Amino acid sequence: ATMALQMQKYIHFERIVAWSPQASVMPEFMPYEHRWSHFRNRISSYRFPEVAELPQGDCSLFIFHGDHPSDLQHALALPISGVAKQFVFRTGGSALAEWAENKRILSTLTDLALDGKAFRLKRLVEKHGGLPIDAFVQGA
């Protein structure tokens, strides 16, 4: 998910669907992220230190986050994009894709996003307790 957001600078995508992307794995950008310390301690240099920009213009972007504090710190650190549709699900854990698969909505949400069916996608998100990120932040 993170690399899809990074690669949009080099490759034109019509749509991007990102499940739980990280804004960065660098300790300087995400000091409270400890889930992957044993991996990131082995990284000698970062070619892509952070997701510094999100697509603008004609790329449709759908980003899904869980409400776990570790996931939310990445969600809130992503830059603003006029085309991004970001949603937060109240999962209580950090394994959003697994949660969505167990609810049997992972492939349906992904397909709706890839097909550009934003209205139907938003209805399904809301049916399963998800909110647009701005509504989630205002209600948090």
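Presented here is an overview of the structure given in this document.

Cut-offs applied
- Residues numbered from 1 in each chain as written.
- Predicted model: local features only at pLDDT ≥ 70, side-chain atom pairs only at ≥ 80, totals over all residues.
- Heavy atoms only, no water.
- Salt bridge = Lys/Arg side-chain N within 4 Å of Asp/Glu carboxyl O.
- Buried < 20%, exposed > 50% of the residue type's maximum accessible area, 1.4 Å probe, protein only.
- Helix = DSSP H or I, 4+ residues; strand = E, 2+ residues; numbered from the N terminus.
- Pairing = 2+ DSSP bridges.
- Contact = heavy atoms within 4.5 Å.
- Axes fitted to C-alpha atoms, helices over the stretch in contact; angles between N-to-C directions.
- Phe/Tyr/Trp six-rings, centres within 6.5 Å; stacked < 30°, edge-to-face > 60°.
- Right-handed = clockwise from strand over helix to strand, strands pointing away.

**Notes on the pattern of salt bridges**
Within the structure shown, the criterion is met by four salt bridges. Across the salt bridge formed by arginine 35 and glutamate 33, the nearest N and O atoms sit 2.8 Å from each other. Arginine 35 gets classed as partly exposed once you look at its relative accessible area, which sits at 27%. According to the relative accessible area criterion, glutamate 33 is buried, its value standing at 1%. A salt bridge links lysine 122 to glutamate 126, with the nearest nitrogen and oxygen atoms 3.5 Å apart. Of this pair, lysine 122 and glutamate 126 both sit in helix H6 (residues 118-127), four residues apart, which is roughly one turn of that helix. Among the charged side chains, a salt-bridge network with shared partners connects Glu33, Arg35 and Asp71.

**Side note on the sheet that holds strand E1 (residues 15-19)**
Judged by pairing direction, the sheet is mixed, and its four strands sit side by side in the order E1-E2-E3-E4 without closing on themselves. Edge positions in the sheet fall to E1 and strand E4 (131-132), since each of these pairs with one other strand and no more. Its contacts with the sheet put helix H5 (residues 106-114) on E1, strand E2 (60-66) and strand E3 (84-89), and the angle it makes with E1 is roughly 155°.

**A look at the packing of aromatic side chains**
Inspection of every chain in the model, using the stated rule, returns five aromatic pairs. Between phenylalanine 64 and phenylalanine 87, the ring centres sit 6.0 Å apart and the planes meet at 20°, which makes this aromatic pair stacked. Within this pair, whereas phenylalanine 64 is found in strand E2, its partner phenylalanine 87 is found in strand E3, the two being separated by 23 residues in sequence. Phenylalanine 87 carries the same exposure label as phenylalanine 64, and that label is buried. Members of the aromatic cluster, joined through ring pairs, are Trp19, Phe64, Phe87, Phe89 and Trp99.

**Quick look at unusual backbone geometry**
Unusually for a residue other than glycine, serine 20 sits at a positive phi of about 55°. Residue placement: serine 20 occurs in the loop between E1 and helix H2 (37-40). Within the chain, arginine 104 stands out as a residue other than glycine whose phi angle is a positive 65°. By the secondary structure assignment, arginine 104 is in the loop between helix H4 (96-102) and H5.

**Topic: the pairing of E2**
Burial within E2 is extensive, with six of its seven residues counted as buried. Bridging between E1 and E2 involves five bridges; their strand directions are parallel. The partner of valine 17 across the bridge, within E2, is phenylalanine 62. Two strands pair when backbone bridges link them, and E2 and E3 are joined in this way by six bridges, in the parallel orientation. Of the residues in E3, the one forming a bridge with histidine 65 is valine 88. For the segment spanning E2, helix H3 (residues 69-77) and E3, crossover handedness is right-handed.

**Some words on the environment of threonine 108**
Secondary-structure assignment places threonine 108 in helix H5. A relative accessible area of 36% places threonine 108 in the partly exposed class. Along the chain, threonine 108 and leucine 121 lie 13 residues apart, while their C-alpha atoms are 8.4 Å from each other.

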